[in-house]
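# Overview (structure and organization)
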Amino acid sequence: EDLEELVARVYTAKHTENARCIDSGIMRKLLNNRRTQRRPSLVEICRVTSKYFGITIRELKGRSRQQGIVFPRHVFMYIAHQLFDHRVQKIGLFLCRDHSTVLHGCHVIRKKMTLEPDVEKHVSLLKTTIHKQR
């Protein structure tokens, strides 16, 4: 995935810089940009989310359907996909779930954020915490 992302950025840079070829200057700029814009890994997001909600990583990734665990799991899915652009298939593999389950979790949180202001606060605080820990 990282290689695909880099190739896409090289292709885009070639067109935006009107370059016939990618020289070392363009590559240096792309690689430097890449380091500063590194997104947090799923493990990092999972660690912060589980700690924030007071549950274990095992519970977050587990099969429990208790509300006190499902809600944090859905928040994790939403943050990983919507805020940090991880693919739903990758998130699903990380949680041992199908991509459609991840899409459902994202939809649930998106809907709750419009109805319950506290949910939006949780997401915002978690995003800030994840950024600070990097």
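In what follows, the structure referred to is the one given above.
Residues numbered from 1 in each chain as written. Predicted model: local features only at pLDDT ≥ 70, side-chain atom pairs only at ≥ 80, totals over all residues. Heavy atoms only, no water.

## Concerning the packing of helix α3 (residues 42–53) against helix α8 (residues 117–132)
Contact geometry for α3 and α8: axes closest at 10 Å, N-to-C directions at 130°. By the angle class used here, α3 and α8 are oblique. For the pair α3 and α8, the sense of crossing is right-handed. Residues I45, V48, T49, Y52 and F53 of α3 form the contact with α8, whose own contacting residues are H122, L125, L126, T129 and I130. Looking at the contact of α3 with α8, its residues break down into seven nonpolar, three polar and no charged. (Axes fitted to C-alpha atoms, helices over the stretch in contact; angles between N-to-C directions. Helix = DSSP H or I, 4+ residues; strand = E, 2+ residues; numbered from the N terminus. Parallel < 35°, antiparallel > 145°, perpendicular 65-115°, else oblique. Left-handed = near helix turned anticlockwise from the far one by under 90°. Contact = heavy atoms within 4.5 Å. Nonpolar A, V, L, I, M, F, W, Y, C, P; charged D, E, K, R; others polar.)

## Looking at the environment of F71
Relative to the assigned elements, F71 resides in helix α5 (residues 67–83). Beyond its immediate sequence surroundings of up to four residues, F71 is in contact with F53, I109, K112, V119 and H122.

## Digging into the nonpolar core
Residues F76, I79, I91 and I109 are the most contacted members of the largest nonpolar core, which totals 27 residues. Listed by contribution, the elements that provide at least two residues to this core are α3, α5, α6 (88–95), α7 (99–115) and α8. In terms of residues, this core owes the most to one element, α5, which gives eight residues. (Core = buried A, V, L, I, M, F, W, Y, C linked by side-chain atoms within 4.5 Å. Buried < 20%, exposed > 50% of the residue type's maximum accessible area, 1.4 Å probe, protein only.)

## So, the packing of aromatic side chains
For any pair of aromatic rings, the description consists of the separation of the ring centres together with the inter-plane angle of the planes. Counted by the stated rule, this structure contains three aromatic pairs. Seen from their ring centres, F53 and F71 are 5.7 Å apart, and the 85° between their planes marks the pair as edge-to-face. One end of the pair, F53, is in helix α3; the other, F71, is in helix α5, with 18 residues separating them in the sequence. For F71, a relative accessible area of 16% gives the class buried. Feature note: the residues Y52, F53 and F71 constitute an aromatic cluster, connected by ring pairs. A cation over a ring is seen here: K61 above F94, with NZ or CZ 4.1 Å from the ring centre. (Phe/Tyr/Trp six-rings, centres within 6.5 Å; stacked < 30°, edge-to-face > 60°. Lys NZ or Arg CZ within 6 Å of the ring centre and 35° of its normal.)

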